[in-house]
Every structure is written in structure tokens, then in C-alpha cells.
Amino acid sequence: LYWLRDTLSTREPPRHRAAMSSTTMTPKSNRDGLAALDEALQAGAATLQRLEEQGEQLHQTEIVADSNKYLLDRSAREIRGMTWSGWLQNQFTSGPAVPKPPPAPARAEVSAPVEKRHVPIPSGGTAEQDQYVADLSTQLDDVLACGKQLNAVIDHQNAQSARLSSKTESLWESTRRNTRAAGRVAAAG
């Protein structure tokens, strides 16, 4: 994402915008095609930014879920210790382990495309047509790199979502179990 942000920066004109300006002599449809690719790249960069923010939120949610699981496990141990047999069992067992932090959210740091210009290959057409095809190839490489980054980030977030779903189910079961155990202890006391 960082290389993409730099590419789309307004301080330095990106190479694909320079390519668009070099095609002022080309037909309007060629310039429109390059502009459409530029828009696609900008949309991809905006999507990557949103996915990074979403990944950070998922990461924080996973940390909270792990913390809640730890607290529920400690509560279960305390509730169990309110009976003689549970107190004795707690004397010979260790408490719940402090949770390890979940994997960090995926960062869109796939290597930046090599600063390369496709050299126009004579195709029998005009020099402008050959330059347009070379510029188009360069932009398509950028869009492909952006797509690969999007795919990597989405795959990581899908894995995060699956882990969160599993942890949420576990939290629900632990909460029910602790509530029932606390009710039994209160009724017996």
C-alpha cells in the first residue's frame, strides 16, 4: 500500500499519468482507456486503505476476545474454588494461561512493481499506437500488483474472521457454563 500511495501522490505525477499526457496525440478512446486504468488503480488503493483499517479492527476484536476468554477461564477457576473439592483441585492445578497476541493484521506491503517502462515494440502500427500499448502494459502491471495485494489482505482477513467465529462460540459456551456453575454454588450456599 505504501508504494501505491506514493504512486498516487499528487506531489509527483505517477508514471501512468505521465503516460496519459504523452498520448495527447492519440485518439480519445486510447486516453479514455488509460484514464479508466488510472481510476481502477485509485479505487484499488482506496480499497486497500479501507481493508487495512478493517484488519486493524479485526485484530483489536481478536485481542478483546482472547482477553475475555482468559477472564472467563479465571472466573471458572474461582467459582470452582468455592467448593471443597474445587478448592482442592485448584491447589493442584495451575491457573489459565495468559493469552498470546493474535497474528498482526496483514499489511499491504507486497513489493512495489519495478520502475519499468515497457519499450514500444514496433508492431507495424504508428509510433503513437506502439507507445499506447507500452503505456497500457505498464498500467496493467500496476493494477495486477494492486489486485494481488487485495487478494492477500482479504485472505488474511478471512482467516481472522474464521478464528473470531470460533472464539465467539467458545466465549458463549464458557459464559453459559460459568453462569450455571455460579447458580449451583449460590443455590448450595
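Described in the following lines is the structure provided in the data block.

Quick notes on the rules
All chains use their own residue numbering, which begins from 1 and follows the written sequence. Reporting of local features is limited, given that this is a predicted model, to residues whose pLDDT is at least 70; pairs of side-chain atoms are given and counted only at 80 or more, and all residues count toward the totals for whole chains, interfaces and linings. The basis for the side-chain values is all heavy atoms of the structure; hydrogens and waters are excluded. For salt bridges, the criterion is a side-chain nitrogen of Lys or Arg within 4 Å of an Asp or Glu carboxyl oxygen. Secondary structure elements are taken from DSSP: a helix is a run of H or I of four residues or more, a strand is a run of E of two residues or more, and numbering for both begins at the N terminus. Only protein chains enter the accessibility calculation, which uses a 1.4 Å probe; a residue is then buried when its area is under 20% of its type maximum, exposed when over 50%, and partly exposed in between. Residues enter a nonpolar core if they are buried and are Ala, Val, Leu, Ile, Met, Phe, Trp, Tyr or Cys, with the set joined through side-chain atoms within 4.5 Å. Patch membership needs two things, relative accessible area over 30% and no salt bridge, and members are linked within 9 Å if like-charged or within 5 Å if nonpolar (Val, Leu, Ile, Met, Phe, Trp, Tyr). Every accessible area reported is derived by Shrake-Rupley at a probe size of 1.4 Å, with residue values counting cover from the shown protein chains alone. A fitted line through C-alpha atoms represents every axis, and for helices the fit uses only the stretch in contact; the resulting angles, taken between N-to-C directions, go from 0 to 180 degrees. Note on angle classes: values under 35 degrees are labelled roughly parallel, values over 145 roughly antiparallel, values of 65 to 115 roughly perpendicular, and the remainder oblique. In this scheme the crossing of two helices becomes right-handed for a clockwise turn of the near helix relative to the far one and left-handed for an anticlockwise turn of less than a right angle. Each residue receives one of three labels: charged for Asp, Glu, Lys and Arg, nonpolar for Ala, Val, Leu, Ile, Met, Phe, Trp, Tyr, Cys and Pro, and polar for the others, Gly being one of them.

## Focus on the pattern of salt bridges
One side chain can pair with another of opposite charge once the charged atoms of both are near each other. Per the stated rule, a full pass over the model turns up six salt bridges. With a shortest N-O distance of 2.6 Å, E62 and R163 are connected by a salt bridge. On the criterion of sequence distance, the pair formed by E62 in helix α3 (residues 28-80) and R163 in helix α5 (residues 127-188) is long-range, its members being 101 residues apart. Its relative accessible area of 1% is what places E62 among the buried residues. For the salt bridge of K167 with D66, the shortest nitrogen-to-oxygen distance reads 2.7 Å. With K167 in helix α5 and D66 in helix α3, this pair connects stretches of sequence that are 101 residues apart. For D66, a relative accessible area of 14% translates into the label buried. Several salt bridges converge on common partners, so that one network encompasses E62, D66, R163 and K167.

## Regarding the environment of G147
Looking at where G147 falls in the secondary structure, it is placed in helix α5. Put simply, G147 and A45 are 102 residues apart on the chain and 9.6 Å apart in space, counted from C-alpha to C-alpha.

## Overview of the environment of N158
Of note, N158 is situated in helix α5. Considering only alpha carbons, one finds N158 and G55, 103 residues apart in sequence, at a separation of 10.0 Å.

## Here's the deal with the nonpolar core
Counting residues in each nonpolar core, the largest one holds six residues, listed as L41, L48, L51, C146, L150 and V153. Of all elements in the fold, only α3 and α5 reach the threshold of two or more residues within this core. Core analysis: the second largest hydrophobic core is formed by five residues, L58, A65, L72 and L171 among them.

## Things to note about a nonpolar patch on the surface
Taken together, the side chains of W84, W87, L88 and F92 make up a nonpolar region of the molecular surface, amounting to roughly 590 Å² of accessible area. Within the secondary structure, W84 is located in helix α4 (residues 84-91).

## A word on the packing of α3 against α5
Between α3 and α5, the shortest axis-to-axis distance is 7 Å and the interhelical angle comes to 20°. Of the possible angle classes, the one that applies to α3 and α5 is roughly parallel. When you trace α3 past α5, the crossing you get is left-handed. Counted by class, the contact of α3 with α5 contains 24 nonpolar, 19 polar and eight charged residues.

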